[in-house]
Amino acid sequence: MQSLYLRFSILYLLTCFECLFSLNVQCQTLQAIESKRILLPNQWGITPIGKSMPLGDLPLNIAVSRSEKLLAVTNNGQSDQSIMLFDVARQALLDSFPMAKSWLGLVFSRDGNSLFASGGNDNMIIRFDVSHLKLIPIDTIHLGSPWPTLISPAGIAYDDKKQKLYVVTKEDNALYVADLDATKKLTRYDLGAEGYTCLLSPDRKILYISCWGCDKIELFDTDIKMMAGSIPVGDNPNDMCQTKNGRFLFVANANDNSVSVIDVVTHHVIETLNAALFPDSPTGSTTNSLALSGDDKTLYIANADNNCLSVFNVSQPGKSISEGFIPTGWYPTCVRMIGDHLYVANGKGFSSMANPNGPSPRDKKQEVLYRQSGHKSDDVQYIGGLFRGTLSIIPIPDKTQLNIYSQVVYHNTPNSKKDSLELSAEAGNPIPQFVGGNCPIKHVFYIVKENRSYDQVLGDLPMGNGDPSLVLFGENITPNQHALVKEFVLMDNFYVDGEVSADGHNWSMGAYATDYLEKNWPTSYGDR
């Protein structure tokens, strides 16, 4: 009897130890994740999880072969552009092909031997042979002459049986259908506004088109070759995914923080999912990519400006339930699911970067002279091309792990309801301590002076945390700015969201840069 009691006592102690160990591991996991937090210039934190791999400048899209053995990424940034090919099983880069111009469009053929990629403002689609695990260009489908002809192919879909390539465009607002058989016929259909991407239904009878600029999903009947109506959705619809039976279509709406759930039989939105961190969040999460689990029960939603994935149980469309959040890198632009792993393209990588060698972008003639003098092109530390994207490979979390991840995501967020309603400050501060409080300030003069860093203008001020060696326009050149900061207030270590003028002015005047802006300014700034 004593030995039996002792055995149960030991078993009980071991069970308690396992429970304590499990709890401790969870606490350590939370602490371990948060101990690696990276603070961004806008005060948000990022805590990337899983394995990561380097990508290029501004990855916008991930294509997965039907066999799930290959994965391709298109990099569409300001500096260099490329298509990258990865081996999924080995999680290894197989090949990288430099692109003169590219943008978003990327799809494998059904057999996985071909990859189609948008040629951006060169107004063409490039077909690559990937059968030997290399990116070998074998064909070019021209939609028209290059820029300044306004076409700009974006999302693409391919029907192997009918040998038809479907291309939506964002400059001439159209759908192009290219016959890849001997006829090489090209037919254009008007969309009425900028297109983002397109998706073939499982039976290949309907092509769904996200009309970025008209807040609709346009329908194209592939049998009768005609536009077949539209379905209103949210603001700035972009990425889409569909259940395997084709019954339900999910659409990400970037400017609404939402996902529209469409019953394709009735052509109605039956539910709108709020993907934001808070129920009453204003525009700003930038919901811009979707992935469904293999059993169609879980939807993963990329929130670019929240640096996370929102997770929903969608096993009963119309009665979906929010389950939590998963932290990602900076500005996730695409999420795809392969097996039991999520693959996330982080558009801005894991960190901002400094340019102490000087922000001196050159024109083409200067670039040639610079290279002839023995320098490399990447010696130029221009902010528009400094960020390097990353690919996060994240195992699907169980409920316990998802709970921890959700806590991390909220801890990464600098905003809270309490902070927005109450301000803790010393007595006499002119800023109201609560909403509706009195304030002696009657007017605010907001002076926007772009393109220069603190150090380049105010680095010569001894009272600030500056670097005099980086001064370009000191007090002798900018006496008024120096007088202003001496008489009123000097703000050093003041950081902003804007990277260049294009998004900087939007952040300054509207406190937001949309997905349309963020994904398009690099094309202009890269002279593409």
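No experiment lies behind these values; they were computed from the predicted model shown.

So, how was this worked out
- Residues numbered from 1 in each chain as written.
- Predicted model: local features only at pLDDT ≥ 70, side-chain atom pairs only at ≥ 80, totals over all residues.
- Heavy atoms only, no water.
- Pairing = 2+ DSSP bridges.
- Helix = DSSP H or I, 4+ residues; strand = E, 2+ residues; numbered from the N terminus.
- Axes fitted to C-alpha atoms, helices over the stretch in contact; angles between N-to-C directions.
- Patch = residues over 30% accessible without salt bridge, like charges linked within 9 Å, V, L, I, M, F, W, Y side chains within 5 Å.
- Areas by Shrake-Rupley, 256 points an atom, 1.4 Å probe, with all protein chains shown as cover.
- Salt bridge = Lys/Arg side-chain N within 4 Å of Asp/Glu carboxyl O.
- Buried < 20%, exposed > 50% of the residue type's maximum accessible area, 1.4 Å probe, protein only.
- Disulfide = S-S within 2.5 Å.
- Contact = heavy atoms within 4.5 Å.

**Q** Can you help me understand the sheet that holds strand E30 (residues 390-395) in this one?
**A** The strands making up a sheet associate through hydrogen bonds between their backbones, and the pairing can be parallel or antiparallel. Here four strands make up an open sheet; going across it, the order is E3-E30-E29-E28 and the pairing antiparallel. The sheet is open, and its two edges are formed by strand E3 (51-54) and strand E28 (332-338), each paired on a single side. Each neighbouring strand pair of the sheet contributes to a mean axis angle of 20°, computed without reference to strand direction. As paired elements, strand E29 (residues 341-346) and E30 share six bridges and run antiparallel to each other. Pairing of Tyr 343 across the sheet is with Ile 393, part of E30.

**Q** Sorry if this is basic, but what is going on with a nonpolar patch on the surface here?
**A** Taken together, the side chains of Leu 423, Ile 431, Ile 441, Val 444, Tyr 446, Val 448 and Met 509 make up a nonpolar region of the molecular surface, amounting to roughly 720 Å² of accessible area. In this structure, Ile 431 sits in the loop between helix H4 (417-421) and helix H5 (454-458). Using a relative accessible area of 41% as the deciding quantity, one classes Ile 431 as partly exposed.

**Q** What exactly am I supposed to notice about the state of the cysteines here?
**A** Note on terminology: disulfide describes a covalent bond linking the sulfur atoms of two cysteines. The full count for this structure, using the stated rule, is one disulfide. The disulfide bridge from Cys 211 ends at Cys 214, spanning 2.1 Å between sulfur atoms. An S-S torsion of about 140° defines the bridge between Cys 211 and Cys 214 as right-handed. Classification of Cys 214 as partly exposed rests on a relative accessible area of 22%.

**Q** Which parts of the structure should I look at to understand helix H8 (residues 515-525)?
**A** Turn by turn, an α-helix covers 3.6 residues, leaving residues three or four places apart pointing in a common direction. Burial of H8 is extensive: eight of the eleven residues sit out of reach of the surface. Looking at H8, one finds that the buried residues are Asp 515, Leu 517, Glu 518, Lys 519, Asn 520, Trp 521, Pro 522 and Thr 523. Among the structural elements, strand E4 (59-64), strand E5 (70-76), strand E16 (195-200), strand E20 (237-242), strand E24 (287-292) and helix H7 (501-510) are those in contact with the buried residues of H8.

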